[in-house]
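Results of the structural survey
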Amino acid sequence: MFNDIGALELVTIVVLGILIFGPDKLPKVIQDVTGVIRKIRAFSDSAKQDIRSELGSEFKDFEFEDLNPKTFIRKQLTENEDLKELRSSFDLRKELNEVSDAVKGTETAVAPAAAAPPSAAATPVAGAPDLMKKPASPAQDQRARFDADAT
């Protein structure tokens, strides 16, 4: 209930309690507050039991925490068999490695076989630039002022 209260806040609450109620009345106030909290919890539990009994046997596994949207979405994503199968078939690291290898210019074993047949790779078209070969960098004074790949 009070999971986010630190030591400094707790000491501050105790000091304020002593200043407001005094050291003589503070234990009685604490007992009254804890009694009220117990009654509220008991009322809440009985209301939950009444709702469950009214819903019937179809909703035996119904939890009120499932009404929280975050919990509902998390439960649907983890328990759905189709999504589990899709998640297991999709390997993001493998896909990213293939893309980074393609960008860097290194070849993977699958990419050349799927890209073109061996006869097309062996006979380059006359006058066409070799896209697999890294172009030579121009001289310092001949460099372009813009990035040709970005335009």
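Structural data are supplied above this passage.
Report on the accompanying structure. All of these numbers come straight from a predicted model, not from anything done at the bench. (Residues numbered from 1 in each chain as written. Predicted model: local features only at pLDDT ≥ 70, side-chain atom pairs only at ≥ 80, totals over all residues. Heavy atoms only, no water.)

1. A few points about the environment of isoleucine 30
- With respect to the helices, strands and loops of the structure, isoleucine 30 is situated in helix α1 (residues 7-55).
- The exposure class assigned to isoleucine 30 is partly exposed, which follows from its relative accessible area of 47%.
- Sequence separation between isoleucine 30 and glycine 17 is 13 residues, and the spatial gap between their C-alpha atoms is 9.4 Å. (Helix = DSSP H or I, 4+ residues; strand = E, 2+ residues; numbered from the N terminus. Buried < 20%, exposed > 50% of the residue type's maximum accessible area, 1.4 Å probe, protein only.)

2. Things to note about α1
- Look at α1: only 43 Å from first C-alpha to last across 49 residues, short of the 72 Å you get at 1.5 Å a residue.
- A bend of about 105° at glycine 22 is the largest found in α1, and the proline proline 23 appears one to four places after it.
- Burial in α1 covers these residues: Gly17, Gly22 and Leu26.
- Immediately downstream of α1, the backbone of glycine 56 shows phi near 95°, a positive value. (Expected span 1.5 Å × (residues − 1). Bend = angle between axes of the 7 residues up to and from the residue.)

3. Digging into the pattern of salt bridges
- Evaluation of the coordinates by the stated rule reveals 1 salt bridge.
- Lysine 28 is the partner of aspartate 32 in a salt bridge, and the nearest nitrogen-oxygen pair spans 3.4 Å. With aspartate 32 and lysine 28 both in helix α1, this residue pair falls 4 residues apart, about one helical turn. (Salt bridge = Lys/Arg side-chain N within 4 Å of Asp/Glu carboxyl O.)

4. A few points about a nonpolar patch on the surface
- Side chains of Val11, Val15, Leu16, Leu19, Ile20 and Phe21 sit close together on the surface and give an oily, nonpolar patch of about 600 Å² of accessible area.
- Looking at where leucine 19 falls in the secondary structure, it is placed in helix α1.
- Since its relative accessible area comes to 65%, leucine 19 is described here as exposed. (Patch = residues over 30% accessible without salt bridge, like charges linked within 9 Å, V, L, I, M, F, W, Y side chains within 5 Å. Areas by Shrake-Rupley, 256 points an atom, 1.4 Å probe, with all protein chains shown as cover.)

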